[in-house]
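Listed below, chain by chain, are the residues.
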Amino acid sequence: MKRPAFSFSILALFLIASPFIFQARYSQHVLILVLLYVTLGSAWNILGGFAGQLSLGHAAFFGFGAYTAAIIASKTALSPWFAIIAGPAVVLPIALLVGWICFRLRGPYFTLATIAVGEVVRLLALNWSQLTGGAVGVVIRPSVFSGTNKLPYYYIVLVITAATVALCYVVSQRKLGYYLRAIREDEETAESIGIDTTRYKLVALSISASLTAIAGAFYANYFLFVDPTIVLPLALSVEIVLMAIIGGLGTVAGPVLGAVLLKLSSEVFRNEFAQANLLIYGALLVLVILFMPDGLMGGFHRLFRFGARKTQRVSA
Amino acid sequence: MNSKPLLILTLTALCLLPAGCAVNDEGDSPDSIRVGIISSLTGAEARFGLAQKYGYEFAIDEINSTGVLGKQIELVYQDDTSKPEVASLTVEKLADRNDIVALIGAYSSSATFPATAVANRYKMPMLCPSAITDEITRQGYEWIFRVCAPASEYGRTLVEFLTKVAGARRLAVVYENTQFGSSVARAALEQAPRAGIEIAGYEAYDQGGTDFTPMLTRVKAAGPDAVLFVSYLADATLLMRQSKEIDLNPKVFTAGGAGFSLPDFLKGAADTAEYTISVTQWTPDAKWTGSREWADRFRARFNYEPNYHSVQAYMSLKILVDAIERAGSTDRAAIRDAIKTSKLDSIFGPIHFNAVGQNEHPVAITQVLNGRFVTIWPSEAAILPPVLPTPPWRTRSTVTESSADAGLEAHAAATVSGSEKLLQTLASGLLTGGIYALIGIGLTIIFGVMRVVNFAHGALVMAGMYATYFLFTYSRIDPFLSLAVVMPLMFFVGIIIQKTLIAPVLGAPELNQILLTEGVSIVLINTALLLFTSNYLTMTTSYAGATLHIGGVSVSKPQIGAFLIAVAITAIAYLFLVKTGTGRQIRAASQDAEGARLLGINIERVQSVTFGLGVAAAGAAGSLLMPIYYRVEPYAGSPFTLKAFVVVVLGGMGSVTGALLGGIVLGMAESLGAVYVATGYKDVIGFVIFLLVLTLKPSGLLGKSKV
């Protein structure tokens, strides 16, 4: 019982002290991005990892959060930070609508439908320029914080990330988590033992989409610029999923690990390999999927034989 | 029990340590001054990044032969991978390094605009060589200077030319829906009415379009006497070629630079480039002293035709070095103040920044005459007078074989009847649908039998396009005949991919397959990027642009050919699946893989053949696209991946006849949507139909089986 408390305190201390260890603003910027992606990967994991609903449309929820901030900034006198609350409020009904449409579908059909939803949202943001600024995008004036001092942003995103990971942990331990895993393993059986699968899938989607929208709202306030190519591309949805897969689907720590490694390695590749950076990235992606199909967490479990539980992964 | 996640979290966090330290690789260097250069070295805009890089290299050689303040200039390149968020990140990174004195970059408007905000916050002097969106100088930034002319200057100059020289009355604006495209279009749409030009219509399209005929049909129906295109290279080429195909004949074709003013445009659009008029930031024959000699030296050094992107990069570095010299210091604030008072006479004209940091660079207007860009405006810089009005397509000498009635009625035929418009729209949709069908057939075979969601399909189409290009260019094999080489070749490529990469993940969750094939796609695209660079390779067949005119409807002959072959391939694939033993095995495996295995069918072999066939069909689509699309580049296939999935779902998974129907339905829907709703929403319509079919009839339009 002592060990978890001990490692938890070390980790917490480390995370709180990080910006003082890494004082360069660029390092702090990378830390902020890593934490943001940890949030995105973990939020996706609630729907994709626990419930097995493999969405490739999460950029849409991120974009809704970011655009909520952008529209508050450009159309009202309020601080765009309100989007952290307003973003999820806007996204919830949309997530329910998306769920209503997409949850009728299984397997690759669900995934393809979520891609279509994501693309429709991107195209609407691009073409509805009176509201969104279209391709020109929206510049947001820094609000509350100056935009050059990274510390406030770091601690805000740290709180968001910690809350998200904690929520994932709570979900994984509670009834909801077990129901979601039951749905993932066999939806018909889950239904037959009395789990209202549609309802729980919608709950998972709502939590996942809201957290993603909060991350989007934070991003807009931090990056101070929003346009469809930045906050709504399909590539963003793919990247979110990638982190969860590379880390380990359906585990609490998987997306955390995946986000840290992916974000840092893409920075290193870009700096070290110049024109070949994406080639190497693609090749590594192929290799990871081929040789570590259940992600790094699966690899860790096999390597260190942590615990007796078998690796959790979706069976085909 | 729960120490595991925490332990792993701790481990993860510790991984940050070395990485966090590694990013601070600055070191004081006593004998060099470091300048940060942000450009697109990879990604969709890499070819422009390359043009800039040559400019920087050319400047650095000159500068370092003498040195600055007794030191050498060292360039620290950062690749923004053509992504805005990465451009901003590189500014964060460079601004934090004490040894970097100033920044130049990025390439595109969308990457530069957010990046300037970051540089300004960090009080880092930054020169923008090429981003033209007006927004950059409207933010009150103190540290940002723009070397090139902004979009509003494009609009002002074009409108002035259209009123004073071309005498245009009705203007239609067609622009790519990007930061760049909408900036120029907005400037023109604001300024034209003030000068008494009526706006006949405006169309925003998603960059990287595959078929513009519906949009151009809409433009034709609006009856403009002047058209303004704002597009990048790939689209510029296709816009001109398809304007000819549908016989769009305004009095003048004008363009907002970019794609229309690059040397590659002349190659890509070939004869259709002739007479087009474009704004340009600079040409080798510009009136500025020394520009011609500079261009000669540049060509000799790089064996590369200099374009305005190269000059802008070159000049930005020269301006910065001049400022450092005058400042006598490498202090950022001192450099900024020195840039403010720059006064240079250069090959890019006089350099002087106004109060908002804008270099008041006048743009020129060029016309393509005899296959060369010739300056025609402003009159004091003009080399030749403009040729106006633009001769109608049918009277041009290159198409004499197609019709003898080279009449002048073409301009008068600006009005299009409603039924002609509808027929043209349907014809375009049908023919585009044929191409979609062919791409969909390959995917439906793979998806239907193996349940593999193949995200590399578009990249495989691209591979087929390259193969066709090389066969045509080096062996003079016609694209239609090259099917006989490309299809077997791609069949084997498919088998190799299946055996080495796909087979191991067949049992894994479909998301692993998606990500694996996405990885394959990234590898294929970036391999092409390294092997062939990001330059467009263009080919012109003897029948390029040949059109059939039936009534008021014009259709491209290569497109008809491609459509017929797509139908033929569908028929062959159908017969193969129904009549042959292997075909029956494939169908058996698609219905019940385990059952088929029990019956003694070699599933592994069936899967290899299936994947090979799917990839061969993708390759065939690539071959047939070349005579229509004219050019190939590493990202050329990418737009087709999602379209192929839409086609497959519409038609029903695994059904080749369904794919044909799905392709045609999607082609028609997009075409009708572009003409009767809005060009920008045509893809939305495609996706909405896709979602409707998925939810209401998930087995597809032709499917019977339950999913």
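Scoring rules and cut-offs
Residues numbered from 1 in each chain as written. Chains lettered and ligands numbered in written order. Predicted model: local features only at pLDDT ≥ 70, side-chain atom pairs only at ≥ 80, totals over all residues. Heavy atoms only, no water. Helix = DSSP H or I, 4+ residues; strand = E, 2+ residues; numbered from the N terminus. Rg over C-alpha atoms; globule rule 2.2 N^0.38 Å. Contact = heavy atoms within 4.5 Å. Lys, Arg positive; Asp, Glu negative; His and termini not counted. Charge placed at Lys NZ, Arg CZ, Asp CG, Glu CD. Buried < 20%, exposed > 50% of the residue type's maximum accessible area, 1.4 Å probe, protein only. Areas by Shrake-Rupley, 256 points an atom, 1.4 Å probe, with all protein chains shown as cover. Domains from an automatic or database assignment. Buried area = accessible area lost by both parts, 1.4 Å probe. Salt bridge = Lys/Arg side-chain N within 4 Å of Asp/Glu carboxyl O. Polar contact = N/O pair within 3.5 Å; in protein donor to acceptor, adjacent residues only side chain to side chain. Nonpolar A, V, L, I, M, F, W, Y, C, P; charged D, E, K, R; others polar. Patch = residues over 30% accessible without salt bridge, like charges linked within 9 Å, V, L, I, M, F, W, Y side chains within 5 Å. Pairing = 2+ DSSP bridges. Axes fitted to C-alpha atoms, helices over the stretch in contact; angles between N-to-C directions. 1 Å grid on protein atoms, 1.4 Å probe; cavity = no way out; pocket = protein on both sides within 12 Å on 5 of 7 lines; lining within 4 Å. Points joined across faces, edges and corners; volume = space filled by probe spheres on them. Parallel < 35°, antiparallel > 145°, perpendicular 65-115°, else oblique. Left-handed = near helix turned anticlockwise from the far one by under 90°. Arc of directions from axis to C-beta. Right-handed = clockwise from strand over helix to strand, strands pointing away.

(A) Seen up close, the overall build of chain A. Counting its regular elements, chain A contains 15 helices and two strands. Its C-alpha radius of gyration of 19 Å places chain A within 12% of the 20 Å reference for a compact globule of 316 residues. For chain A, restricting intrachain contacts to residue pairs at least 6 apart in sequence, the fraction spanning at least 24 positions comes to 76%. Separation between the mean location of the 22 positive side-chain charges and that of the 12 negative ones in chain A comes to 8 Å.

(B) Seen up close, the overall build of chain B. From N to C terminus, chain B includes 24 helices and 18 strands. C-alpha atoms of chain B, sized along the principal axes, occupy 85 × 85 × 45 Å. Counting over 707 residues, chain B shows a buried share of 64%. In chain B, 74% of the contacts between residues at least 6 apart in sequence involve partners at least 24 apart. Surface summary for chain B: the accessible area is close to 23800 Å², and the carbon and sulfur share equals 60%. Chain B carries 54 positive and 57 negative side-chain charges, and their two centres are separated by 6 Å.

(C) Spotlight on the domain arrangement of chain B. Residue and element names in this part refer to chain B. Here the domain parsing of chain B yields domain 1 (32-149 + 290-351), domain 2 (152-280 + 370-401) and domain 3 (418-539 + 561-696). On a C-alpha basis, the centres of domain 1 and domain 2 stand 30 Å from each other. Each partner contributes to the interface: domain 1 provides 17 residues, whereas domain 2 provides 17 residues. Summed over the three residues of domain 1 that lose the most area to domain 2, namely Ile132, Asp134 and Tyr308, the buried surface amounts to 37% of that side. Across the contact surface, domain 1 and domain 2 share one salt bridge. For glutamate 135, the salt bridge goes to arginine 186, with nearest N and O atoms at 2.9 Å. Counting every contact that joins domain 1 to domain 2 gives six residue pairs in polar contact (both at pLDDT 80 or more). Those elements giving two or more residues to the side of domain 1 that touches domain 2 turn out to be helix 2 (46-66), helix 4 (109-121) and helix 11 (308-327). Sorting elements by how many residues they give to the side of domain 1 that touches domain 2 places helix 4 first, with three residues. Residues belonging to the side of domain 1 that touches domain 2 are distributed by class as follows: six nonpolar, five polar and six charged.

(D) Region of the structure containing a nonpolar patch on the surface. Among the surface-exposed residues, Leu422, Leu672, Tyr676 and Val677 of chain B lie close enough to one another that they form a single nonpolar patch of about 330 Å² accessible area. Within the secondary structure layout, valine 677 of chain B lies in the loop between helix 23 (656-676) and helix 24 (682-696).

(E) Spatial organisation of the sheet that holds strand 13 (residues 364-369) of chain B. Residues and elements named next belong to chain B. The strand order across the open sheet built from seven strands is 7-6-8-9-10-13-14, with neighbouring strands paired in mixed fashion. A single partner strand is all that each edge strand has here, and the edge strands are strand 7 (198-205) and strand 14 (372-377). The sheet shows a mean angle of 25 degrees between the axes of neighbouring strands, taken without regard to direction. Pairing of strand 9 (residues 252-255) with strand 10 (residues 277-280), which is carried by two bridges, proceeds in the parallel orientation. Bridge pairing in strand 10 links threonine 254 to isoleucine 277. In the packing of helix 7 (residues 213-222) onto the sheet, the strands contacted are strand 6 (170-176), strand 7 and strand 8 (226-230), and the crossing angle to strand 7 comes to about 175 degrees. Packing of helix 8 (residues 233-245) onto the sheet brings it into contact with strand 6, strand 7, strand 8 and strand 9, and relative to strand 8 it is tilted by some 155 degrees.

(F) Inspection of empty space enclosed by the protein at higher detail. Residue and element names in this part refer to chain B. The final tally for this structure, using the stated rule, is 13 cavities of 30 Å³ or more. When its volume is computed, the second largest cavity comes out at roughly 110 Å³. In terms of lining, the second largest cavity is formed by 13 residues, of which the most central are Ala286, Trp288, Pro362, Val363 and Ala364. Its residues assigned to classes, the lining of the second largest cavity comprises eight nonpolar, four polar and one charged.

(G) Broad picture of the packing of helix 7 of chain B against helix 8 of chain B. Residue and element names in this part refer to chain B. Their axes nearest at 10 Å, the elements helix 7 and helix 8 cross at an angle of 60 degrees. Here helix 8 runs oblique to helix 7, going by the angle between their axes. Where helix 7 crosses over helix 8, the two elements pack in a sense that is right-handed. Residue-level inspection shows Thr213, Met215 and Leu216 of helix 7 in contact with helix 8, the latter providing Leu239, Gln242, Ser243 and Glu245. A class-by-class count of the residues in the contact of helix 7 with helix 8 yields three nonpolar, three polar and one charged.

(H) Fine view of the layout of surface pockets. Residue and element names in this part refer to chain A. Roughly 820 Å³ of internal volume is contained in the second largest pocket. In terms of lining, the second largest pocket is formed by 38 residues, of which the most central are Ser129, Gln130, Gly133, Gly134 and Ala135. Tallied by class, the residues present in the lining of the second largest pocket amount to 18 nonpolar, 14 polar and six charged.

(I) Quick peek at the sheet that holds strand 4 (residues 126-128) of chain B. Residue and element names in this part refer to chain B. Pairing is parallel in the open sheet, where five strands are placed in the order 2-1-3-4-5. Edge positions in the sheet fall to strand 2 (72-79) and strand 5 (144-146), since each has one partner strand and no second. Strand-to-strand, the axes of this sheet are offset by a mean angle of 25 degrees, without reference to chain direction. Direction of pairing for strand 3 (residues 100-104) relative to strand 4: parallel, over a ladder of two bridges. Among the inter-strand pairings, leucine 103 is bridged to a residue of strand 4, identified as methionine 126. Across the sheet, helix 2 lies against strand 1 (32-39), strand 2 and strand 3, angled at about 170 degrees from strand 2, the strand it touches most. Packed on one face of the sheet, helix 11 meets strand 1, strand 2, strand 3 and strand 4 and runs near 150 degrees to strand 3.

(J) Expanded view of helix 12 (residues 332-340) of chain B. Residues and elements named next belong to chain B. Taken together, the buried positions of helix 12 are occupied by Arg332, Ile335, Arg336, Ala338 and Ile339. Down the axis of helix 12, the sector holding all buried residues measures 165 degrees, keeping them to one side. The inward-facing, buried residues of helix 12 contact helix 3 (84-95), strand 3, strand 4, strand 5 and helix 11.

(K) Structural context of the pairing of strand 9 of chain B. Residue and element names in this part refer to chain B. A two-sided burial pattern is seen for strand 9, the buried positions comprising Val252 and Thr254 on one face and Phe253 and Ala255 on the other. Alignment of strand 8 against strand 9, held across four bridges, turns out to be parallel. In the sheet register, valine 227 faces strand 9, and the bridge partner there is phenylalanine 253. Since strand 8 and strand 9 lie parallel, the crossover through helix 8 that links them has a hand, and here it is right-handed. For the handedness criterion, the β-α-β arrangement of strand 9, helix 9 (residues 263-269) and strand 10 is classed as right-handed.

(L) Highlighting the interface of chain B and chain A. Taken residue by residue, the interface counts 86 residues in chain B and 92 residues in chain A. Note on chain B versus chain A: buried area summed over both sides is about 8300 Å², and carbon and sulfur give 75% of it. The tally of links from chain B across to chain A stands at three salt bridges. The salt bridge involving glutamate 92 of chain B is made with lysine 150 of chain A; its shortest N-O contact spans 2.8 Å. Applying the counting rule to chain B against chain A returns 10 residue pairs in polar contact (both at pLDDT 80 or more).

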